[in-house]
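Chain residues, written in single-letter form:
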Amino acid sequence: MKYRFAALVPLALAGCTEPLALPEASAFVRAADPHLVDVAPPGPTVSYTALPITEPLDWRQLNDAQAPGGGT
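The numbers attached to residues start from 1 for each chain and follow its sequence in the written order. Given that this is a predicted model, residues contribute local features only at a pLDDT of at least 70 and side-chain atom pairs are listed and counted only at 80 or more, while totals for whole chains, interfaces and linings are drawn from all residues. The basis for the side-chain values is all heavy atoms of the structure; hydrogens and waters are excluded.

Peer 1: Any chance you could explain the overall build of the protein chain here in plain terms?
Peer 2: Note on conventions: DSSP H or I runs of at least 4 residues are helices, E runs of at least 2 residues are strands, and numbering of each starts at the N terminus. Check the secondary structure of the protein chain and you find three helices and zero strands. Ordered by position from the N terminus, the helices and strands of the protein chain form the series α-α-α. Radius of gyration: over C-alpha atoms. The globule rule applied is 2.2 Å multiplied by the number of residues raised to the 0.38 power. In terms of overall size, the protein chain is more extended than a compact globule, its C-alpha atoms giving a radius of gyration of 31 Å where 72 residues would be expected to give roughly 11 Å. The principal-axis extent of the C-alpha atoms belonging to the protein chain is close to 75 × 55 × 30 Å. Note on classification: 1.4 Å probe, protein chains only; a residue is buried when its accessible area is under 20% of the maximum for its type, exposed when over 50%, partly exposed between these limits. Evaluated residue by residue, the protein chain yields a buried proportion of 0% over its 72 residues. Note on areas: Shrake-Rupley with a 1.4 Å probe; residue coverage comes only from the protein chains shown. Total accessible area on the protein chain is roughly 7,900 Å²; 65% of this is exposed by carbon and sulfur atoms. Distance from the positive charge centre (4 side chains) to the negative charge centre (7 side chains) of the protein chain: 20 Å. Positive: Lys, Arg. Negative: Asp, Glu. His and the chain ends are not part of the count. Here the site of a charge means NZ on Lys, CZ on Arg, CG on Asp, or CD on Glu.

Right, dumping it as structure tokens:
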């Protein structure tokens, strides 16, 4: 009950306040003009390389090569 009261008091007080004045419509019209907006640059190209599904290989060689002092 206390949580509901604590949540509803700010909502009730906010509902009794005077709404904010909106900016003039001329700013919105200028922002919506398509002639003033630049075209977005093209995004990065995405390449796809298909790899066949294979059986897992033995990881022992890879682990030995990456271990400190390995690969010798």
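Peer 1: It is not clear to me how the confidence of the model for the protein chain should be interpreted in this structure. Could you clarify?
Peer 2: Note: pLDDT gives the predictor's confidence per residue, expressed from 0 to 100. On average, residues of the protein chain score 81 in pLDDT, and 94% of them reach the 70 mark or higher. The spread of mean pLDDT over the elements of the protein chain runs between helix α2 (residues 25-31), the lowest at 73, and helix α3 (residues 60-66), the highest at 85.

Peer 1: Just to check I follow, could you spell out a nonpolar patch on the surface for this structure?
Peer 2: The patches described consist of residues with a relative accessible area above 30% and no salt bridge, like charges being joined within 9 Å and nonpolar side chains (Val, Leu, Ile, Met, Phe, Trp, Tyr) within 5 Å. For this document, the term salt bridge refers to a Lys or Arg side-chain nitrogen within 4 Å of an Asp or Glu carboxyl oxygen. A cluster of nonpolar side chains, namely Phe5, Val9 and Leu13, defines an oily patch on the protein surface of about 310 Å² accessible area. With respect to the helices and strands, the residue Leu13 is situated in helix α1 (residues 2-15).

Peer 1: Can you help me understand α1 in this one?
Peer 2: It helps to recall that an α-helix has 3.6 residues per turn; residues three or four apart then point in one direction. Expected helix span is computed as 1.5 Å times (number of residues minus one). Between its first and last C-alpha, α1 extends 20 Å over 14 residues, near the 20 Å set by a 1.5 Å rise per residue. The element α1 is largely exposed, with a buried count of zero among its 14 residues.

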